[in-house]
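One-letter residues, chain by chain:
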Amino acid sequence: MCWSATADLIAGAGIAAVGAASVALAARRPRDLPLAALPLLLGAHQIVEAAVWHQDGGTGPATVAWAVIALPLLALWVPAAVLCAAPPAARRRLLVPLAVGFATAAVLAYALATRTVTAEIRGHTVGYSVGLPQAELVVAGYLFATIGSLLLSGDRGLVLFGVLVAVGAAVSFALWRQEYISTWCAAAAICSVVLLLWVARRRPPVPRSRRTAPAAR
């Protein structure tokens, strides 16, 4: 992932297909649909990055679209989706990461509206730059809203997903500090395949069909 336009395109298509299957499985549980659709969104995100590769980075529409999904949209989508799917006992505490996600998304959306986001091809990775003010605080809010909401969800499958995403964040930061955003999004996209298993486990049983009346003689 992130090693070339072809890699992003193939991986994005595969993850999006997983997302489509997740959405189909979650159709009978509407509260699960936002989380079930997350692999679909992340797969599309990787396909958008393939377009960034093709335009050789820069500040074009693909770069802006990638940043909008990666930054404000996911900062709000993930905690809101977790709140929808979480058990009732966990919903009150999940209002905190949701509020943090809303504030973080607002700051990121303002930054994207008032600043120029640029992408730079750096070997086999892509580096993105927005020039965020108080970047450390914004990143902390982003991580708490996304990973924190998963870890606080009270659902074993979502906690596992949160742990995997957190590990991906740590590895991406350690190995590709300047390309952290791109590589972490790729890692999160791969980890989102776990959501297919989560949705399948939560799918309600199909009601038994009614017995057919005996045929009249």
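For the structure itself, consult the block above.
The following refers to the structure shown. (Residues numbered from 1 in each chain as written. Predicted model: local features only at pLDDT ≥ 70, side-chain atom pairs only at ≥ 80, totals over all residues. Heavy atoms only, no water.)

1. Quick look at the pairing of strand β1 (residues 118-122)
Each regular strand displays side chains that alternate between the two surfaces of the sheet.
Point 1. As paired strands, β1 and strand β2 (residues 125-129) are joined by five bridges and run antiparallel to one another. Counted as the bridge partner of A119 is Y128 from β2.
Point 2. Between the antiparallel neighbours β1 and β2 lie two residues, among them G123 with a positive phi of about 70 degrees. (Pairing = 2+ DSSP bridges. Helix = DSSP H or I, 4+ residues; strand = E, 2+ residues; numbered from the N terminus.)

2. Focus: the packing of helix α4 (residues 61-85) against helix α5 (residues 88-114)
Point 1. Look at α4 against α5: their axes get within 8 Å of each other, and the N-to-C directions meet at 165 degrees. In terms of their interaxial angle, α4 and α5 are classed as roughly antiparallel. Read as a crossing pair, α4 and α5 show a hand that is left-handed. Each of A67, V68, L71, P72, A75, L76, P79, A80, V82, L83 and C84 in α4 lies in contact with α5, whose residues at this interface are R91, L94, L95, P97, L98, G101, F102, T104, A105, L108, A109 and L112.
Point 2. Partitioned by chemical class, the residues of the contact of α4 with α5 number 20 nonpolar, two polar and one charged. (Axes fitted to C-alpha atoms, helices over the stretch in contact; angles between N-to-C directions. Parallel < 35°, antiparallel > 145°, perpendicular 65-115°, else oblique. Left-handed = near helix turned anticlockwise from the far one by under 90°. Contact = heavy atoms within 4.5 Å. Nonpolar A, V, L, I, M, F, W, Y, C, P; charged D, E, K, R; others polar.)

3. A short note on the pattern of salt bridges
Point 1. With the rule as written, the count across this model stands at five salt bridges.
Point 2. Taking the shortest distance from any N to any O, the salt bridge between D32 and R202 comes out at 2.8 Å. Residue D32 is found in the loop between α1 (5-25) and α2 (33-36), and its partner R202 is found in helix α9 (residues 194-202); the two are separated by 170 residues along the sequence.
Point 3. Overall, the relative accessible area of 15% leaves R202 in the buried class.
Point 4. The closest approach of N and O atoms between R122 and E120, which form a salt bridge, is 3.3 Å.
Point 5. Its relative accessible area of 27% is what places R122 among the partly exposed residues.
Point 6. If you follow the salt bridges from partner to partner, you end up with R29, D32, D155, R201 and R202 in one network. (Salt bridge = Lys/Arg side-chain N within 4 Å of Asp/Glu carboxyl O. Buried < 20%, exposed > 50% of the residue type's maximum accessible area, 1.4 Å probe, protein only.)

4. Some thoughts on the packing of aromatic side chains
Aromatic ring pairs: the centre-centre distance and the angle between the two ring planes describe each pair.
Point 1. Using the criterion set out here, one finds one aromatic pair in the structure.
Point 2. Ring geometry for W66 versus Y128: centroids 3.8 Å apart, planes at 0 degrees, classification stacked. With a gap of 62 residues between them, W66 in helix α4 and Y128 in strand β2 connect regions that are remote in the sequence. For the pair W66 and Y128, one class covers both residues: buried. (Phe/Tyr/Trp six-rings, centres within 6.5 Å; stacked < 30°, edge-to-face > 60°.)

5. Some points on helix α3 (residues 38-54)
Point 1. Over its 17 residues, α3 extends 25 Å from the first C-alpha to the last, a length consistent with the 24 Å expected when each residue adds 1.5 Å.
Point 2. Across the 17 residues that make up α3, a large majority, twelve, are buried.
Point 3. Among all positions of α3, only L38, P39, L41, L42, G43, H45, Q46, V48, E49, A50, V52 and W53 are buried.
Point 4. In the stretch just after α3, D56 is the one whose phi turns positive, near 60 degrees. (Expected span 1.5 Å × (residues − 1).)

6. Some words on the nonpolar core
As a rule of thumb, soluble globular proteins bury nonpolar side chains together.
Point 1. With 50 residues, the main nonpolar core has L35 and L38 as its most contacted residues.
Point 2. In contact with L38, other than residues within four places in its own chain, are L74, W77, V78, F161 and L195. (Core = buried A, V, L, I, M, F, W, Y, C linked by side-chain atoms within 4.5 Å.)

7. Side note on a nonpolar patch on the surface
Point 1. Together, L151, V163, V167 and V171 make up an exposed nonpolar region whose accessible area comes to about 300 Å².
Point 2. If you tally residues by element for the nonpolar patch, the top one is helix α7 (residues 156-175), at three residues.
Point 3. Mapping V171 onto the fold places it in helix α7.
Point 4. For V171, a relative accessible area of 40% translates into the label partly exposed. (Patch = residues over 30% accessible without salt bridge, like charges linked within 9 Å, V, L, I, M, F, W, Y side chains within 5 Å. Areas by Shrake-Rupley, 256 points an atom, 1.4 Å probe, with all protein chains shown as cover.)

8. Remarks on unusual backbone geometry
Point 1. For D56, which is not glycine, the phi torsion reads 60 degrees and is therefore positive.
Point 2. Relative to the helices and strands, D56 is located in the loop between α3 and α4.
Point 3. Judged by relative accessible area, which is 58%, D56 ranks as exposed.

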